[in-house]
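# Inside the fold
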Amino acid sequence: MVNSYIPKTYKEALNLLAQNELLIIAGGTDLMVKFKSISGLLPKFKKDMLFISHLAELDFIKKEKNSIHIGANVTLEKVLNSKHTHYLLKKALLIMASPAIRNMGTVGGNIVNASPAGDTLPVLYVLNTKIVVESLDNKRIIPIEDFIVGPSKTILKENELVKEIIIEDKSFDYMVFEKIGTRQADAISKISFAAVTNIKNSNISDFRVSFGAVGPRIVREKELEKKVIGVTIDELNGMCNLICDNYSKFITPIDDQRSSAIYRKKVALNLLEEYIKSIK
Ligand SMILES: Cc1cc2nc3c(=O)[nH]c(=O)nc-3n(C[C@H](O)[C@H](O)[C@H](O)COP(=O)(O)OP(=O)(O)OC[C@H]3O[C@@H](n4cnc5c(N)ncnc54)[C@H](O)[C@@H]3O)c2cc1C
């Protein structure tokens, strides 16, 4: 038997987290599946629950000078429909889950669930997203690649919750998000891919690439990205095989019920090659 806590305010939620060991539940679309029982029975949660999805303090989207701030409780559907949402994030959300799930599931939940197949993640990685976490007496702002440390693992402490995410609001000359799944939507990704590039005076001035579902964490290799900064578009195209070879070392997928490792790796590198060749 577990207890449920339904705080009236965000402050009360932080107080409850400071005093108890609780499982935070937002939309519940991951947790209800993870802890499901046989049909007709209640889910088998192992800890007392802290319900947060009704907290208005975590339900906002606001634009600042060079960034968009999204409260952890904002549903995926609201993020999709906001005029402030980055084009690339909209692309990922449009083919994520189904409208019913998007109306319950939250962006905070997708991040803290920390699945390598989470569809917002490759986009959030290339947009240099930062995660704002708070406890009663502390606040931390953490780059997403440091926040997620493995499948279903983050550095969130027991007394902390995610308050908001900060996404870089930058436009790019070339942007892509691709999801390979069994169906177009409402399917877990076999592979996902996000990339953005800017060109300045015919040279590559910004180049970022990330892959989902090809390893225990999202793959983004900033050292490899730096190697193409300053090269011309022709040079970038000439380096295509070398770039793919370099990324190949970091693409370490597994075989599972959705796909094979060999297929995932081949398709991930094909997506990278296709993206580089699309830069003209
Ligand atoms: C039918 C179905 C289809 C789906 N399709 C997709 C899909 O296509 N792509 C995809 O990426 N996902 C998909 N999902 C997974 C899920 O909908 C998303 O991951 C969603 O964003 C989770 O959000 P939530 O609010 O429901 O999270 P919850 O289930 O409430 O929580 C998930 C995790 O996040 C933690 N958490 C939530 N909010 C906070 C917070 N503010 N602070 C700290 N911890 C927090 C919880 O403790 C838990 O560990 C699907 C799920 C279902 C059931």
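These remarks concern the structure in this document. (Residues numbered from 1 in each chain as written. Predicted model: local features only at pLDDT ≥ 70, side-chain atom pairs only at ≥ 80, totals over all residues. Heavy atoms only, no water.)

## What to know about the overall build of the protein
Quick note on the threshold: Where helices and strands are cited, they refer to DSSP runs of H or I of at least four residues and of E of at least two residues respectively, numbered from the N terminus. As defined in this context, the radius of gyration uses C-alpha atoms, and a globule is described by 2.2 Å times the residue total to the power 0.38. The cut-offs for exposure are 20% and 50% of the maximum accessible area for each residue type, with area from a 1.4 Å probe on protein chains only; residues under the lower value are buried, those over the upper are exposed, and the others partly exposed. Working rule for contacts: check all heavy atoms of both residues, and any pair within 4.5 Å makes them a contact. To measure how exposed things are, a 1.4 Å probe is used in the Shrake-Rupley method; for residues, cover is taken only from the protein chains shown. Under the convention used here, Asp and Glu are negative, Lys and Arg are positive, and both His and the chain ends fall outside the count. Where a charge lies is defined by one atom per residue type: Lys uses NZ, Arg uses CZ, Asp uses CG and Glu uses CD.
Secondary structure assignment for the protein yields 12 helices and 13 strands. Computed over its C-alpha atoms, the radius of gyration of the protein comes to 20 Å, within 12% of the 19 Å expected for a compact globule of 280 residues. Considering only C-alpha atoms, the protein reaches an extent of 60 × 45 × 30 Å along its principal axes. Classification of the 280 residues of the protein by burial places 50% in the buried group. Put simply, of all contacts in the protein between residues at least 6 apart along the chain, 63% involve residues at least 24 apart. Just so you have it, the protein exposes about 13,800 Å², and 54% of that area is on carbon and sulfur atoms. For the protein, the separation between the mean place of its 39 positive charges and that of its 32 negative charges on side chains is 1 Å.

## Structural notes on the site of the ligand
Note the following rule: Residues are counted as near a molecule or strand when any one of their heavy atoms sits within 4 Å of it. Pairs of N or O atoms are called polar contacts if they sit within 3.5 Å, as long as, within protein, a hydrogen donor faces a hydrogen acceptor (for residues adjacent in sequence, only side-chain-to-side-chain pairs).
Neighbouring residues of the ligand: 31 residues in total, closest I24, T29, D30, T106 and D119. Backbone polar atom of L31 to an oxygen atom of the ligand: 2.9 Å apart, as the coordinates give it. Interatomic distance of 2.9 Å between a backbone N/O atom of V162 and a nitrogen atom of the ligand. Broken down by secondary-structure element, the contributors of at least two residues to the shell around the ligand are β2 (22–25), α2 (31–34), α6 (107–113) and β10 (161–168). Here the shell around the ligand gets 4 residues from one element, more than from any other, and that element is α6.

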